[in-house]
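Residues per chain are reported as follows:
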Amino acid sequence: MKPKTPSEVLAMCRENDVKSVDFRFMDFPGLWQHFTIPVSKLEESLFEDGLGFDGSSIRGWQAINESDMLVIPQADTAFLDPFTELPTVSMICNIQDPITREDYTRDPRNVARKAVNYMKSSGVADTCYIGPEAEFFIFDDVRFDHTANAGFYHLDSIEGQWNRGKDYMAVGEGPNLGYKLRHKEGYFPVPPADQSMDIRNEMMQTMIDCGLDVECQHHEVGTAGQAEIDLKFDELVNMADSLMIYKYIVKNVAAQRGRTVTFMPKPLFGDNGSGMHTHISLWKGEEPLFAGSGYAGLSETALHGIGGILRHAPAILAFTNPTTNSYKRLVPGYEAPVNLAYSQRNRSAACRIPMYSASPKAKRVEFRCPDPSCNPYLAFSALLMAVLDGVQNKIDPGEPLDKDIYDLSPEEAAEVPTTPGSLGESLAALRRDHEFLLKGDVFTKDVIDTWIWYKTANEVEALALRPHPYEFCMYYDI
């Protein structure tokens, strides 16, 4: 049974002969950080008083002159770590200032908690459900580097189409059995073509053992081990917590099997990238606020929410698609949804209304742009804030796009706005359009400014300064 209180966590430790306790928290860009204490040091008072640490080396956090921070473990996030040799309980933590005891504004989990609190105080809704569909690649080998005089990457998978002619016997790996998935044909052939069935099952079962509610697992469209494991929708903060546990499990199951996983949106050229279609719905009490009698069974609230997403989408993408690599997936004419429109079935639209069920409880909006490189606390919060802004200001989403975008005339296609073409463009949009995020002090001005600075200096400019390997193919003989 999942613990909910500090005393239940302590009981969990005793019952499982736990020896160490691991504290997890998010850095600003979106990677888990941690440190560990002996279980003998875990007392109920620690859940209130917290534990001090130096935050000055955490990416995007405080300056060295204000570096003392507190982690406050959250009892209801505790789980038995399935990967440590020493029996260990892991917990997700909030971050506080040790002097004021205020929640730290740059702690991404704090942003998500404030977004939910603002939603409740607005009177619009009291629950926001989020359901992400995170995709990833399972590779057998990865090598990459970039120095002053060289730059390369090399990925490999036994499933990869490029290995149809490989002489495995010559390199001592056994015979080449020939079951290689062609580009864009990974959805859903059975084994032996699907060669990652067992590892996905292990990932799924490990998630279940850690308390996650898994709906299904399957191979995705791409060759070379593209995969998806879906979690049942949950309240916003809980889902962001679960997605971090999900990533931890997927990467570590792969590592234990001598494999490697990446949530990078576009690791392969010429095949599908990895997205994270994100479903959102608002509820008040037992009432699903997105269900109604309008287009695709939507309520006016839902349509206004879609209006908010579409109006603020360029700025939202700075959080939901926060890497330079994200925009190699979001390219017009390819697999990703770049059209800032909505539709009940058209997967080329940024917002889709799933029509699998007629139940009002199943009514939701799927935002198809996000990818799994995002910090889920910030991404889900930005999406919720855009929906709330749409509802509060009754933003009209316009007419739905139910036509095949590829059949539109050039004149019609030109009228459909599209997503930004680069991370730099999304950050510029966020710089122009962020007032909706500041409501309720959810995203502070400091958080917005720091995000734009960090992403620009460490990613956009860093990439712009370096020659790309393909530039040598195009220009070396110029």
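Residues numbered from 1 in each chain as written. Predicted model: local features only at pLDDT ≥ 70, side-chain atom pairs only at ≥ 80, totals over all residues. Heavy atoms only, no water.

A. Broad picture of the overall build of the chain. Assigned secondary structure in the chain consists of 12 helices and 18 strands. Since a compact globule built from 478 residues should have a radius of gyration of about 23 Å, the 23 Å found for the chain is in line with a globular shape. Counting only C-alpha atoms, the chain reaches 65 × 60 × 50 Å along its principal axes. If you take every contact in the chain between residues at least 6 apart in sequence, the share linking residues at least 24 apart comes to 67%. Of the roughly 21700 Å² of accessible surface on the chain, a fraction of 52% belongs to carbon and sulfur atoms. In the chain, which carries 45 positive and 68 negative side-chain charges, the distance between the mean positions of the two groups comes to 2 Å. (Helix = DSSP H or I, 4+ residues; strand = E, 2+ residues; numbered from the N terminus. Rg over C-alpha atoms; globule rule 2.2 N^0.38 Å. Contact = heavy atoms within 4.5 Å. Areas by Shrake-Rupley, 256 points an atom, 1.4 Å probe, with all protein chains shown as cover. Lys, Arg positive; Asp, Glu negative; His and termini not counted. Charge placed at Lys NZ, Arg CZ, Asp CG, Glu CD.)

B. Representation of the packing of helix 6 (residues 300-320) against helix 7 (residues 376-392). The contact between helix 6 and helix 7 brings their axes to 6 Å, and the two run at 140°. Between helix 6 and helix 7, the angle is such that the two are oblique. Between helix 6 and helix 7 lies a crossing of right-handed hand. Contacts between helix 6 and helix 7 involve T301, H304, G305, G308, I309, H312, I316, F319 and T320 from the former and L378, A379, A382, L383, A386, V387, D389, G390 and V391 from the latter. (Axes fitted to C-alpha atoms, helices over the stretch in contact; angles between N-to-C directions. Parallel < 35°, antiparallel > 145°, perpendicular 65-115°, else oblique. Left-handed = near helix turned anticlockwise from the far one by under 90°.)

C. Summary view of the pattern of salt bridges. Evaluation of the coordinates by the stated rule reveals 18 salt bridges. In this structure, R257 engages E202 in a salt bridge whose closest nitrogen and oxygen atoms are separated by 2.5 Å. With a gap of 55 residues between them, R257 in the loop between helix 5 (236-256) and strand 13 (260-262) and E202 in helix 4 (residues 197-209) connect regions that are remote in the sequence. For R257, a relative accessible area of 41% corresponds to the partly exposed category. Residue classification places E202 among the partly exposed positions, given a relative accessible area of 28%. Close ionic contact of K439 with D389 constitutes a salt bridge, the shortest N to O distance being 2.6 Å. Linking K439 in the loop between helix 10 (435-438) and helix 11 (445-464) with D389 in helix 7, this pair joins segments that are 50 residues apart in sequence. Here K439 falls in the partly exposed class, since its relative accessible area comes to 25%. (Salt bridge = Lys/Arg side-chain N within 4 Å of Asp/Glu carboxyl O. Buried < 20%, exposed > 50% of the residue type's maximum accessible area, 1.4 Å probe, protein only.)

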